[in-house]
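The chain contents come next:
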Amino acid sequence: MEKRAIYNNRVLPYLLLTPQLLVTLIFFYWPALQVVHQSFLLEDAFGLQSSYVWFENFQRLFADPDYGRAFGVTVIFSTVVAFLSLAIALLLAVMADRQIRGANAYKTLLMWPYAVAPAVAGVLWLFMFQPSLGVVAQSVKRMGLDWNPLLNGTHAMTLVVLAGTWKQISYNFLFFLAGLQAIPRSVIEAAAIDGASATRRFWTIIFPLLSPTTFFLLVVNIVYVFFDTFGIIDAVTGGGPARATTTLVYKVYDDGRLGGDLGGSAAQSAILMFIVVALTAVQFKYVERRVHY
Amino acid sequence: MISRRILLSTVAGLLFAAGSAAQAQQPIEIQWWHAMTGANNDVVVKLAEDFNKTQSQYKVVATYKGSYPDTMNAGIAAFRAGNAPHIMQVFEVGTATMMAAKGAVMPVYQMMKDAGEKFDPNAYLPTVTGYYSTTKGEMLSMPFNSSTAIMWYNKDAFKKAGLDPAKPPKTWPEVFDYAKKLKASGYNACGFSVAWTTWLLLEQFSAWHDLPLASKANGMDGFDTVLQFNSPLHVKLINELIQLQKDKTYDYSGRTNTGEGRYTSGECPIFMTSSAFYGNVKANAKFDFGMAPLPYFSDAKGAPQNSIIGGASLWVMGGKKLEEYKGVAKFFTFLSDTDRQVWLHKESGYLPITKAAYEKTKASGFYEQNPGREVPLIQMAGKAPTENSRGLRLGNMVQLRDIWSEELESAFAGKKSAKEALDTAVERGNATLRQFERTVVR
C-alpha cells in the first residue's frame with residue numbers, strides 16, 4: 001500500500017512550497033551570498049570606497065599565523081564543550097529519569113540555565129572566577145593554585161569551557177530526558193528480570209535506543225559551539241590572554257564588528273560556513289549510519 | 001448609524017489635528033546618538049533639554065545607542081542605509097576611521113563656517129582639541145567628554161607601609177620601590193597595577209616621555225605612519241614590569257578598566273587609570289584616596305611632557321541640509337559656553353574644553369576644595385604639546401590595541417622578552433596600518 005498524495009494540478013505543489021522557499025531564500029541564502037560577495041571586497045567601514053580584491057582576503061587569512069591558531073583553539077574548545085555538555089547532560093537525564101522523590105523539581109531546576117543569555121552566563125562565571133573578587137577564585141587560590149585567567153591561557157580556556165558547557169547542559173538534558181521517556185519500559189524491565197545490571201542495561205538497551213536523540217544533539221551542539229559561544233567568550237575573556245581563547249567565530253566578531261575589517265571578517269565567515277556545512281554533511285553521511293531509528 | 005457617526009467624527013478629528021500640527025512651526029529635529037550611561041547619561045539628557053528650552057527653532061533628540069563600539073557601528077550602519085544621525089559620539093580610538101571617511105563626516109570648522117556661526121578655535125584648550133584637529137589646527141570634531149590618565153593611590157595604605165601620604169612617587173623607580181614596600185606591608189596580591197594597559201603603558205607613556213608612538217607625528221601627518229614604540233625606554237619599562245609581575249609587585253589587570261575594582265576594594269594601593277574614575281572612587285573607596293601625576297623616567301629628555309586625552313568627541317555627519325547644520329552649530333556654541341563647561345567639568349569629572357572654563361573653575365576655588373581634581377589639567381596643560389604628545393591618529397585602532405595587548409600579555413606571562421614582545425607588536429601593528437591605508441578614501 002502506497003501512501004502518496006496525488007496532485008492533478010502541476011502548479012499547486014510549487015505554490016504551496018513558495019512561502020517556505022521564500023523565507024529560506026531571503027533569510028538564509030541571500031545573507032550567505034552577501035557574505036561571499038563581501039569577502040571578495042576591500043572596503044572602508046563606511047562603504048565609501050570598495051574594490052574587488054578577489055581572493056586576497058583569503059590569502060591574507062591563510063598567511064596569518066593567528067588564524068591557524070584560532071583554528072586550533074576552536075578544535076579544542078568545541079570538542080571539549082560538545083563532549084562535556086553531552087556527557088553531563090546524559091548523566092543528569094538518566095539520574096532524573098529514575099523514580100525519585102521531587103523528580104519534577106530537579107527537572108525544572110536543571111532546565112533553568114537555558115533561559116540565561118550567553119553574555120549573562122559569561123558574566124556570572126566571570127564573577128565567580130574573577131581572580132581578586134570571585135568567590136570560587138578565592139577558594140581555588142587558598143588551595144594553593146595561582147589562579148589567573150588574565151595572564152594564564154589554560155586558566156582562561158578552562159573558564160570559557162566551563163561557562164559554555166554549563167549553558168548548553170540544560171538544552172541537552174531536556175532532549176535526553178524526552179528521549180529516555182520514549183523508550184518502552186517493558187524492554188528495560190525484561191532485561192532487568194533477565195538479570196542485566198543497570199550499567200549493562202544502559203549500554204546495551206538505553207544508549208542504542210537513544211541514538212537518534214544523541215545524533216540530533218551532536219549536530220546541534222557542534223553548531224552551538226561554533227557559532228553561539230562568542231557572547232560568552234566576549235564577556236569572560238574577550239578572546240585573551242594573547243589569543244588563547246580566540247575561536248574562529250570570535251575572530252569574525254572581533255575583526256568585523258570591533259575592528260571594522262569587513263572583507264577579512266566576511267572571508268572568515270565564508271570559511272566558517274563551509275566548515276560547518278562540511279561537518280554536518282560528514283555527520284549525516286557517516287555517524288547517522290550507526291543511528292537506530 | 002451610530003457607528004458611522006463616530007467614525008466620521010473621528011476622521012474629522014484626525015484631519016483637524018493633522019492640519020493644525022502642520023500649521024504650527026515644527027522645530028527642526030537634530031538627532032544626537034551617544035554612548036553615555038548612568039550619571040553621564042543624565043548629563044546628556046539635561047544638555048539636550050536645556051538647549052531645547054533656550055530656543056524653539058531646533059530640537060535636539062538625544063538617543064542612547066549602547067557602548068562606544070555599538071554607537072559607532074550603529075552610526076556607520078545608518079550611514080550606509082542613508083539615514084545617519086546629525087551628531088554622533090565617537091570614542092577617541094575611532095578618530096582616524098571617522099576622519100578618513102571624507103564625505104561621510106562634516107568637519108566641525110567647516111560646518112561652523114558654512115552655518116555662519118561665530119567660532120574661535122583659539123578659545124579651546126589645545127591639548128584637548130589637538131587630538132581632534134588637523135595639523136593645521138582645523139577642528140574636525142567637537143570634544144565632549146575628555147579625560148586623561150593619572151595615578152591613584154591609597155593614603156591609608158601608604159601610612160601602613162610607613163610612607164608619606166603627602167608624597168606620592170614621582171618617577172617609575174620610586175613607584176617600583178613604593179610598591180615593594182606596600183607589598184611587604186601586606187598588599188601581597190598587588191603592589192600596583194594599571195587599567196587600559198596599552199593606553200597607559202604605550203600611548204600615555206610615549207607622550208609623557210616625548211617619545212613617538214608612531215612616525216609622522218603619531219599618524220597625524222599621514223596614513224603612511226609606522227609604529228615606533230619599541231625604543232630602549234619602552235623596553236626598559238616593560239622589562240621592569242615583567243620582573244615585578246613574577247612576585248606581583250606589579251600585577252596585570254586586563255585590557256580595559258574592569259580591573260579598576262582592585263583599587264576601590266583596597267587590593268591595589270597604587271593604580272593608574274583614567275581621571276574619569278573619580279566618581280567611582282568617591283562613591284566606593286572606603287579609604288583616604290590621593291591623585292597624582294603619572295610617573296616618568298627621570299633620565300628621559302623632556303619628561304614629563306604632557307599626557308594625552310581619552311574619551312569621546314562629537315562628530316557631525318555629512319550630507320545634511322544647511323538649516324540642520326545651523327542647528328548643530330548653535331548647539332555646539334551652546335555646549336562651549338563657559339558656565340556650561342564649568343558645570344560639566346564639576347558635575348561629570350571630565351576635563352573642560354575651553355581655556356575660559358578652566359580659568360573660571362580655578363578662580364572659583366574649586367581645586368582648593370577638591371584637591372587632586374586639577375592634577376589631570378596640570379598634566380595636560382603644563383607644556384605646549386609636541387608632535388609626540390598632541391594625540392594619535394592611527395587607523396584600525398581597536399585592532400591595534402588588541403594586538404598590543406596580546407603581545408604585552410605574552411610578555412607578562414613570561415613567554416616573551418620585553419624586546420621580543422614590543423618588536424612583534426610593532427611589526428604586527430604595522431601590517432594592520434598598511435591594511436587600513438589601502439581602504440582610505442583618497
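Residues numbered from 1 in each chain as written. Chains lettered and ligands numbered in written order. Predicted model: local features only at pLDDT ≥ 70, side-chain atom pairs only at ≥ 80, totals over all residues. Heavy atoms only, no water.

For the rest of this paragraph, the subject is the overall build of chain B. What chain B contains, in helices and strands, is 20 helices and 9 strands. In summary, chain B has a C-alpha radius of gyration of 24 Å against a globular reference of 22 Å for 442 residues, a match within 12%. A burial count over chain B gives 57% of its 442 residues as buried. Intrachain contacts of chain B at a sequence separation of at least 6 include 77% that bridge at least 24 residues. Carbon and sulfur atoms form 54% of the exposed surface of chain B, whose accessible area is close to 17900 Å². Separation of charge centres in chain B, based on 49 positive and 42 negative side chains, amounts to 3 Å. (Helix = DSSP H or I, 4+ residues; strand = E, 2+ residues; numbered from the N terminus. Rg over C-alpha atoms; globule rule 2.2 N^0.38 Å. Buried < 20%, exposed > 50% of the residue type's maximum accessible area, 1.4 Å probe, protein only. Contact = heavy atoms within 4.5 Å. Areas by Shrake-Rupley, 256 points an atom, 1.4 Å probe, with all protein chains shown as cover. Lys, Arg positive; Asp, Glu negative; His and termini not counted. Charge placed at Lys NZ, Arg CZ, Asp CG, Glu CD.)

Now for the interface of chain A and chain B. With 30 residues of chain A at the interface, the matching set in chain B holds 39 residues. Summed over both partners, the interface of chain A with chain B buries about 2800 Å², with 52% contributed by carbon and sulfur atoms. The largest share of the area that chain A buries against chain B comes from A:Phe46, A:Leu151 and A:Arg257, three residues that together contribute 26% of it. Remark: the boundary between chain A and chain B carries 5 salt bridges. At the boundary of chain A with chain B, the tally comes to 6 residue pairs in polar contact (both at pLDDT 80 or more). When residues of the side of chain A that touches chain B are traced back to their parent elements, those giving at least two are strand E1 (41-43), helix H2 (56-63) and helix H12 (248-258) of chain A. By residue number, the principal contributor to the side of chain A that touches chain B is H12(A), which donates 4 residues. In terms of residue class, the side of chain A that touches chain B is made up of 12 nonpolar, 7 polar and 11 charged. (Buried area = accessible area lost by both parts, 1.4 Å probe. Salt bridge = Lys/Arg side-chain N within 4 Å of Asp/Glu carboxyl O. Polar contact = N/O pair within 3.5 Å; in protein donor to acceptor, adjacent residues only side chain to side chain. Nonpolar A, V, L, I, M, F, W, Y, C, P; charged D, E, K, R; others polar.)

Our next topic: the packing of helix H19 (residues 397-412) of chain B against helix H20 (residues 418-439) of chain B. All names here are of chain B. In contact at an axis separation of 9 Å, H19 and H20 are set at 165° when each is read in the N-to-C sense. Judged by the angle between their axes, H19 and H20 are roughly antiparallel. Note that H19 runs across H20; the crossing there is right-handed. Between H19, through Gln399, Leu400, Ile403, Trp404, Glu406, Glu407, Leu408 and Ala411, and H20, the contact on the second element is made entirely by Ala421, Leu422, Thr424, Ala425, Arg428, Gly429, Thr432 and Leu433. The residue inventory of the contact of H19 with H20, partitioned by class, reads 9 nonpolar, 4 polar and 3 charged. (Axes fitted to C-alpha atoms, helices over the stretch in contact; angles between N-to-C directions. Parallel < 35°, antiparallel > 145°, perpendicular 65-115°, else oblique. Left-handed = near helix turned anticlockwise from the far one by under 90°.)

A word on the domain arrangement of chain B. Residue and element names in this part refer to chain B. Looking at chain B, the domain boundaries give domain 1 (23-147 + 310-364) and domain 2 (149-307 + 385-440). Here domain 1 and domain 2 have C-alpha centroids that lie 29 Å from each other. Tallying the contact residues gives 20 residues for domain 1 and 21 residues for domain 2. With both chains or domains summed, domain 1 and domain 2 bury close to 1600 Å², and 62% of this area falls on carbon and sulfur atoms. A per-residue breakdown of the area domain 1 buries against domain 2 is headed by Val93, Tyr131 and Thr135, which together make up 32% of the total. Remark: the boundary between domain 1 and domain 2 carries 1 salt bridge. A salt bridge links Glu92 to Arg401, with the nearest nitrogen and oxygen atoms 3.1 Å apart. At the boundary of domain 1 and domain 2, one finds 4 residue pairs in polar contact (both at pLDDT 80 or more). With 5 residues, the top contributor of residues to the side of domain 1 that touches domain 2 is helix H4 (residues 95-100). (Domains from an automatic or database assignment.)

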